[in-house]
Structure formats: structure tokens, C-alpha cells
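Next come the chains, spelled out residue by residue.
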Amino acid sequence: WCKELPVIQSLPKSLSIKDPVDRVLDLLQKASLATFMIVDHIGHMKQWKILPGGKRAGAGTIQLGLKFFCFSNMVGALVQMKKFFALSASSDDTSKAELTCLKTAFKHMLLVLQTAHLSLLCPSHDALVGFAGMITSFMDVKAQWPAAKPVAAAVVPKALAMEVAPPEADEKAKPKSS
């Protein structure tokens, strides 16, 4: 609960974006994300019988909210691809920022697939959606996982160290057979 508040509070910042295309895309993404969160709360309150069911029961309301989440992720994928193309046009080699944009766009596209299925907007196969869910979950866990510390080179005492001869030396040491 209340995860929509930071998204709603960031809407005025979106209005200050100079590029009109970026401004519209940012507003659409944030507004549809906030709408999803609010509709999801209403759906849960209907499931808990706090609010009357009406035309849509709790599950139907949550599916409606997932359609907004699907749209938000579709716009998010477009924003990331737009950033990627802008970055790739400005440099010749692939940068870390470009790879990050591609990974984020891929994750948004997988979320579009999942939410289109779950909202019944465009049902697909459960196995495909489950596999996409595993990939996005892995991406989320990987982002939260602490970075591995670099392993220092092991110090081996001279008494335990073995000298390794180059392969040419082994061939010279072997007797030649006639």
C-alpha cells in the first residue's frame, strides 16, 4: 500500500521535461502505473468485502488494473528503446548505459507479455508466461544480490610451489624413437 504516492508525486517533474515526446511518454508511463496501483487496491478491497463487488468482482478489477500495468510497461519499453537509439547514435562502441537500456527494455517487454496474459487482454500459454516470469524474477534478484568481491591471488609458500616446465621442455626430454 502507498507505493503509488511517489509515482504520483513525480508527475509534476514529468511536466518539466523539455522534449514533448519524452514528456508525453513519461507522463503516460507514470500515470498508467499509478492507475494500476490504485485499481489494484480497489480490487483487493473488493476481494476482502470492504467494498461492494458491483459489475466486476475483485478478480475482474485486478485484471483491469493489470491492463494499465501492461500499458505502463509497453510505454517503458518504448522509452528504453528510444534511450538506446539516442545513446547508440552518439557513440560508435556499445557502452554500459546502452546495455542497461536493452536489458531494461527486454524486462519491460517480458512484463508486457505476462500482464497481457494475466489481464486476459491477450491470453497466451501458461508455460510461456511462467518462463517469462522466471526470467524477470531472476533479473530482479540479480539486481538485489550483493556484488561478488574480487578474489585476491592466493599466496603459495615456496615449499609447496611446483615449477611447471613449458611443453617444449617435455618434448626435448623424451627419447626419440626410431
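Refer to the structure printed above.
Bear in mind the structure is a predicted one, so any value in this text is a computation, not a measurement.

1. Observations regarding the environment of cysteine 2
- Within the secondary structure, cysteine 2 is located in the segment before α1 (4–9).
- Under the relative-accessibility criterion, cysteine 2 is labelled partly exposed at 47%.
- Once the C-alpha coordinates of cysteine 2 and isoleucine 38 are considered, the two residues, 36 residues apart in sequence, prove to be 9.0 Å apart.

2. Things to note about the nonpolar core
- By size, the foremost hydrophobic cluster in this structure holds seven residues: Val7, Ala34, Phe36, Met37, Ile62, Leu66 and Phe69.
- Among the secondary structure elements, those contributing two or more residues to this core are α3 (20–47) and α4 (58–90).
- Apart from the residues lying within four places of it in its own chain, the contact partners of phenylalanine 69 are Leu33, Phe36 and Thr115.

3. Comments concerning helix α6 (residues 126–144)
- In this model, α6 (19 residues) spans 27 Å end to end at C-alpha, consistent with the 27 Å of a helix rising 1.5 Å per residue.
- Within α6, the full set of buried residues consists of Val129, Ala132, Gly133 and Thr136. Down the axis of α6, the sector holding all buried residues measures 105°, keeping them to one side. Residues Met134, Phe138 and Lys142 are exposed on α6 and point more than 90 degrees away from its buried face.
- For α6, the elements touching its buried residues are α5 (96–118).

Rules of the game
Residues numbered from 1 in each chain as written. Predicted model: local features only at pLDDT ≥ 70, side-chain atom pairs only at ≥ 80, totals over all residues. Heavy atoms only, no water. Helix = DSSP H or I, 4+ residues; strand = E, 2+ residues; numbered from the N terminus. Buried < 20%, exposed > 50% of the residue type's maximum accessible area, 1.4 Å probe, protein only. Core = buried A, V, L, I, M, F, W, Y, C linked by side-chain atoms within 4.5 Å. Contact = heavy atoms within 4.5 Å. Expected span 1.5 Å × (residues − 1). Arc of directions from axis to C-beta.

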